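# Survey of secondary and tertiary structure
Residues per chain are reported as follows:
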Amino acid sequence: MKLLVRVIEARNLPAMDPNGFSDPYVKLQLGRQRYRSKVIKKCLNPSWCEEFYFKVDDLKEELLISVFDEDMFFNDDFIGEVKVPVSWVFEAKDKSLGTIWFSLQPKDRKAKNKDCELTQGVGSVVLEGKLPEEKSSSVDFEELMKSMEMSDRGGEIPSSLSGGIVVDQLYGVRPQELNSILFSPDSNFLKSSSDLQGSTDLLIGPWKFENEGESLTRVVSYTKAPSKLIKALKAIEEQTYLKADSKTFAVLASVSTPDAPYGKTFRAEVLYCIAPGPDQPSGEQSSRLVISWRVNFLQSTMMKGMIEGGARQGIKDSFDQYQKLLSQNVKPVDIKDIGSEKDQLLATLQAESQSDWKLAVQYFVNFTVFSTICIGLYVIVHIWLAMPSTIHGLEFIGLDLPDSIGELFVSGILVLQGKQALELMSRFIQARLQKGTDHGLKAQGKGWLLTVALIEGSSFAAVDSSGFSDPYVVFTCNGKTRTSSIKFQKSDPLWNEIFEFDAMDEPPSVLDMEVFDFDGPFDEAISLGRTQINFLKSSVSDLSDVWITLEGKLAQACQSKLHLRIFLNDTRGSNVVKDYITKMEKEVGKKIRVRSPQTNSAFQKLFGLPPEEFLINDFACHLKRKMPLQGRLFLSPRIIGFHADLFGRKTKFYFLCEDIEDIQVIPPTLSSMGSPIIIMTLRPGKGFDARHGARTQDAEGRLNFHFHSFVSFNIAHRTIMVLWKARALTPAQKVEMVEEESNSNSEETAVEDSIAKKVQAAEELEAQNLHAGDDENELRPLQTEESGSFIGIEDVNMSMAYSSILSLPTSFFMELFRGGEIDQNVMERAGCLNYSHTPWESENSDVYQRQLYYKFDKHVSRYRGEVTSTQQKSTLPDRNGWLIEEVMTLHGVPLGDYFTLHLRYQVEDLPSRSVGCNVQVYIGIAWLRYTIYQKRITKNILSNLQDRLKIMFSVLEKEYISGA
């Protein structure tokens with residue numbers, strides 16, 4: 001929003017120089033925007049008549065107008081000033097103050113009397129302030145849309161914001177018309193919506209190109225109606241087009257309410273997305289409107305949860321009214337009335353009709369059949385014309401053997417040609433009997449329904465002597481197979497056949513396809529190419545009409561392709577996730593929380609998964625490669641993923657549950673930090689996208705992944721096994737595995753169950769103790785359990801926990817991290833039992849890394865938990881010292897899987913002392929999940945760490961003195 005200020009003239013200004021004149025000029029300031037007028041020499045009644053434009057972001061700002069006298073040698077003399085609130089202009093009639101005189105005022109009260117004596121009748125300045133009038137006709141708006149369309153660089157429509165979707169509806173108008181109704185300057189919809197919601201003082205600015213024509217923006221201001229908790233507020237909404245290409249439109253609205261409590265710390269953002277919908281039965285177009293929101297925090301605040309909770313309810317109520325009003329202006333359309341896109345696309349398919357006689361003529365008209373017929377006729381005529389010959393040699397009546405080499409040669413050719421002709425006839429008859437499974441088998445049951453339409457093929461390799469092939473396609477998904485019909489003598493076959501797979505409980509992961517050349521019922525078919533569609537990596541909307549390139553030697557040489565239309569949808573309704581989680585709880589034997597939409601969205605974004613994939617559980621663990629890597633294991637119905645962000649290095653991969661061939665559990669070892677190891681072995685040739693996370697690869701191409709140091713090993717192992725059984729095992733394998741598990745009641749399982757029960761009991765006891773100590777009047781933040789960030793730990797805020805100057809050199813201090821006898825003694829004295837470590841290994845130049853494992857003494861923790869830790873050391877740049885960074889995971893303590901600890905030791909020599917070093921220890925806590933006990937846990941950890949550091953450093957100083 002812009003403000004026009006016209007400085008016209010001033011009168012009765014005081015004389016500021018000995019000659020009785022002044023050299024006045026005007027300074028104008030609004031926020032950080034400053035302007036200056038020209039200087040009028042030797043004048044007490046100057047006239048400027050200059051215009052200045054200001055961008056207005058906040059209606060509470062004031063325009064400061066100051067009049068100065070120019071001085072050539074010293075500072076300019078102040079004459080007077082006036083402050084004009086911007087709100088005066090917007091509240092005035094016609095949004096203009098008109099021409100008005102303002103009396104100049106001194107800067108402060110102390111200078112007022114003095115100024116009045118020196119400048120009796122201090123002059124006044126006349127100003128004119130108003131909003132500039134600009135044309136906003138529908139023609140101009142259409143031209144702006146055309147400009148946006150010409151400058152559009154393609155790309156997808158922006159994804160929905162993380163706060164959630166408040167409107168998702170089809171309307172019976174074209175996208176251009178719906179965009180014009182919502183955002184055109186000539187449309188009354190915005191005003192009607194504002195009146196319905198009780199907003200007042202609505203001011204709609206014009207659409208303008210900003211940032212050198214890169215963005216189309218306008219500013220809308222209004223006063224929101226008061227609610228039960230908040231009074232009436234002034235709101236400024238900045239709307240910006242993110243995309244406009246005549247078919248899809250995306251507008252981001254950023255709303256600021258500076259007068260609201262903590263209003264300067266956040267902005268509410270709303271994303272309007274308009275996309276084409278399916279055609280209506282009348283042939284007219286429809287549009288899909290999706291509105292999503294989020295709260296963008298500009299500053300950190302403790303009231304984040306309360307602000308988001310209040311915004312969620314307010315936005316939901318506002319857009320309920322918004323949707324009702326829009327339904328009165330534009331007819332909403334039900335998807336059931338217009339049919340699905342799938343039905344419309346499949347209805348246009350018509351299978352290629354060919355008669356058997358035409359196919360027979362096309363198939364049998366070749367040199368082999370022609371030469372066989374000619375030789376057969378020749379032999380028949382010869383038998384007819386030839387006289388009976390006398391019996392010679394071993395012949396007898398009824399058996400006439402060849403009497404010469406020529407007769408033997410002709411007989412051999414006749415037998416071979418007859419054999420080929422019979423094979424061709426048999427092949428043709430068998431192929432015509434194999435009609436394919438299109439439209440023959442309809443999907444049964446409720447669940448995930450997969451429909452594949454095979455349209456055509458292109459550039460198939462010629463494997464027959466005729467220069468053609470007889471291709472057919474085999475589709476395989478979740479163990480089910482569908483086969484197409486055979487197309488004779490075709491390099492570019494046309495099928496137009498539809499295949500449906502029975503409804504599945506979980507969405508399928510992959511669809512395998514392979515094209516074969518038909519060689520008869522008993523011969524091995526030749527593969528003309530194969531491919532695979534991974535539904536986790538491909539958007540279902542992109543598969544509605546797609547050409548897929550085949551793989552294989554013959555296919556790559558000829559660049560063979562298949563034209564497909566693939567549809568995947570769920571027919572069970574909206575309780576799919578809850579039903580699946582309930583089934584998992586029964587098999588795992590543990591309560592599983594349903595994750596929030598924000599958490600699922602973050603999980604999908606982390607691994608690039610489709611919207612139907614949801615998070616079941618995640619566990620802190622180590623990935624064992626050359627060196628153990630601390631991170632988190634994520635489990636969903638179709639994948640097992642791993643993500644780590646350790647010391648700024650990110651590792652991320654996932655593989656399919658159905659690609660796992662075997663899962664083994666190895667007892668704890670020193671290298672696994674005292675934790676059992678889960679080894680997942682993939683099938684040969686599978687999971688090569690995740691091979692950078694594999695521990696080994698055998699000669700047959702199987703990848704092995706090693707995971708250990710789980711906080712809750714028993715639950716993690718059970719969940720992984722349940723997912724694997726559901727996706728990868730056949731019914732016979734499941735029965736066999738259940739029998740083995742029931743017969744093997746090992747001590748290891750009993751111990752794991754006992755540990756799990758103890759840990760669970762300790763968690764409940766700790767929760768009771770923490771809850772008992774809570775203040776009843778304490779306000780709890782309105783946040784969900786999943787509001788923590790499990791994606792990364794790079795944003796951990798580090799604060800100083802301990803700082804001291806020790807009477808020992810830096811070289812001796814580093815004995816604490818060298819793994820020798822001193823390291824062992826110091827850690828044991830600090831309450832670390834069974835202390836073990838791996839040797840330092842070089843990560844890169846001057847950076848080393850190692851792993852630690854120990855248990856807490858009962859004096860440190862009454863639960864005697866375990867610690868797995870990763871340390872990394874490097875030299876300080878340009879200083880004589882070391883930097884040690886450490887990431888710790890606590891096991892067997894209440895809420896230990898809710899956070900990880902980050903420590904940073906910085907030690908350097910003191911140049912002022914012959915023997916001495918400065919040690920600073922920083923601590924940070926990365927919260928993986930939200931808990932109401934964060935403050936208490938942080939305070940407890942900090943106090944415990946400071947006590948341990950004091951003990952460690954005092955023991956280290958004693959070791960140095962005794963050694964010296």
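All residue numbers refer to positions counted from 1 along the written sequence of the respective chain. For this predicted model, a pLDDT threshold of at least 70 governs which residues receive local features, and a threshold of 80 or more governs which side-chain atom pairs are given and counted, while totals over whole chains, interfaces and linings are taken from all residues. Computation of side-chain values: all heavy atoms of the structure, hydrogens and water removed.

### A look at the overall build of the protein chain
Runs of H or I in DSSP of at least four residues are treated as helices and runs of E of at least two as strands, each being numbered from the N terminus. When helices and strands are tallied, the protein chain shows 20 helices and 41 strands. A buried classification covers 46% of the 964 residues belonging to the protein chain. Residue contacts are defined here by distance: any two heavy atoms, one from each residue, within 4.5 Å place the two residues in contact. For the protein chain, restricting intrachain contacts to residue pairs at least 6 apart in sequence, the fraction spanning at least 24 positions comes to 62%. Method for areas: the Shrake-Rupley scheme with a 1.4 Å probe, in which residue coverage is limited to the protein chains shown. Surface summary for the protein chain: the accessible area is close to 51,300 Å², and the carbon and sulfur share equals 52%. Using a 1.4 Å probe on the protein chains alone, a residue whose accessible area is under 20% of its type maximum counts as buried, one over 50% counts as exposed, and one in between counts as partly exposed.

### Here's the deal with a nonpolar patch on the surface
Patch definition: residues with relative accessible area over 30% and no salt bridge; like charges joined within 9 Å; nonpolar side chains (Val, Leu, Ile, Met, Phe, Trp, Tyr) joined within 5 Å. Definition used for salt bridges: Asp or Glu carboxyl oxygen within 4 Å of a side-chain nitrogen of Lys or Arg. A cluster of nonpolar side chains, Ile 373, Leu 377 and Ile 380, forms an exposed patch at the surface whose accessible area comes to about 310 Å². By the secondary structure assignment, Leu 377 is in helix α10 (residues 367-385).

### Overview of the environment of Ile 526
In this structure, Ile 526 sits in strand β23 (residues 526-534). Take Ile 526: its relative accessible area is 34%, and that puts it in the partly exposed class. Separated by 10 residues in the primary sequence, Ile 526 and Phe 516 place their C-alpha atoms 5.5 Å from one another.

### Details of the environment of Phe 953
Counting through the fold element by element, Phe 953 comes out in helix α20 (residues 934-963). The sequence separation of Phe 953 and Leu 816 amounts to 137 residues, and the corresponding C-alpha distance is 9.2 Å. In this structure Phe 953 touches Tyr 802, Leu 806, Phe 813, Leu 816, Val 919 and Val 921, once residues within four positions along its chain are discounted.

### Section: the packing of helix α13 (residues 576-588) against helix α15 (residues 713-728)
Contact pair α13 / α15: the axes reach a minimum separation of 10 Å and the direction vectors enclose 120°. Of the possible angle classes, the one that applies to α13 and α15 is oblique. α15 is crossed by α13, and the crossing has right-handed handedness. On the side of α13, the interface is formed by Tyr 580, Met 584, Glu 587 and Val 588, while α15 contributes Arg 718, Thr 719, Val 722 and Leu 723. Polarity classes work like this: nonpolar for Ala, Val, Leu, Ile, Met, Phe, Trp, Tyr, Cys and Pro, charged for Asp, Glu, Lys and Arg, and polar for all others, with Gly in that last group. A per-class count over the contact of α13 with α15 returns five nonpolar, one polar and two charged. The axes used here are C-alpha line fits, helices contributing only the stretch in contact, and every angle between their N-to-C directions lies in the interval 0 to 180 degrees. Working rule for angles: under 35 degrees goes down as roughly parallel, over 145 as roughly antiparallel, 65 to 115 as roughly perpendicular, anything else as oblique. For any pair of crossing helices, the crossing counts as left-handed if the nearer helix is rotated counterclockwise from the farther one by less than a right angle, and right-handed if it is rotated clockwise.

### Looking at the side chain of His 622
Inspection of the secondary structure assignment puts His 622 in strand β26 (residues 617-624). Leaving out residues up to four positions away in the same chain, His 622 has contacts with Pro 628, Leu 629, Gln 630, His 706, Phe 707, His 708, Ser 709, Gln 851, Thr 868 and Thr 870.

### What to know about the environment of Ser 954
Its location among the elements puts Ser 954 in helix α20. Given a relative accessible area of 30%, Ser 954 falls into the partly exposed group. Distance in space between the C-alpha atoms of Ser 954 and Leu 806 is 8.9 Å, their sequence separation being 148 residues.

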